[in-house]
Amino acid sequence: MSDRIYTAFEPRMPSALEQALEVVERDVRARGITGALRLITPGDGALTWVEFQGGYHGAGIIADGDINDLLADVAEAVQETIMELTWKVWPVCATHDRGLHVGCEQGLTVWRCTGDGSHTVAPVGELP
């Protein structure tokens, strides 16, 4: 695995947000979820929301912090929006059948499961 996807963001926030969404979208598609996924930024640009299949949910993303924080925020926003609009838990640990949570491990943004005391399933963007 290369750390490049986690550190190759452009310094401009809109580009960084779009790149983070592309990374998270790989996980969405890997789990067989289809439908349009995009960023919505109102005219004031203060917050950005993730839209899935024409709807969105949540408090929005404030584009600040380091790259891992931004990737984690986008992953959480995608997760919250998909779960709210589909009424299904996403993503789920194949071993424990539990919903995954975003975390940070050794400088990487990861999906973690709380089963068996907690374990890392995959870096964000690399779900099997």
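Look above for the structure.
In this report, the structure presented in the accompanying data block is examined. (Residues numbered from 1 in each chain as written. Predicted model: local features only at pLDDT ≥ 70, side-chain atom pairs only at ≥ 80, totals over all residues. Heavy atoms only, no water.)

Attention shifts here to the side chain of Thr48. With respect to the helices and strands, Thr48 occurs in the loop between strand E1 (37–40) and strand E2 (49–52). Overall, the relative accessible area of 4% leaves Thr48 in the buried class. Only 3.0 Å separates the side chain of Thr48 from the side chain of Thr41, close enough to count as a polar contact. The residues touching Thr48, leaving out its near neighbours within four places in the chain, are Leu17, Leu39, Ile40, Thr41, Gly60 and Ile61. (Helix = DSSP H or I, 4+ residues; strand = E, 2+ residues; numbered from the N terminus. Buried < 20%, exposed > 50% of the residue type's maximum accessible area, 1.4 Å probe, protein only. Polar contact = N/O pair within 3.5 Å; in protein donor to acceptor, adjacent residues only side chain to side chain. Contact = heavy atoms within 4.5 Å.)

Glancing now at the sheet that holds strand E5 (residues 108–113). Strands pair in a sheet through their backbones, by hydrogen bonds, and they do so in one of two ways: parallel or antiparallel. Across the sheet, three strands lie side by side as E4-E5-E6; this open sheet has antiparallel pairing. Pairing within the sheet leaves two strands with one partner each, and these edge strands are strand E4 (101–105) and strand E6 (119–123). Direction aside, neighbouring strands of the sheet carry axes that sit 50° apart on average. Sheet strands in contact with helix H3 (residues 67–86) are E4 and E5, and its direction is about 40° off that of E5. (Pairing = 2+ DSSP bridges. Axes fitted to C-alpha atoms, helices over the stretch in contact; angles between N-to-C directions.)

Taken by themselves, the reported measurements are silent on function.
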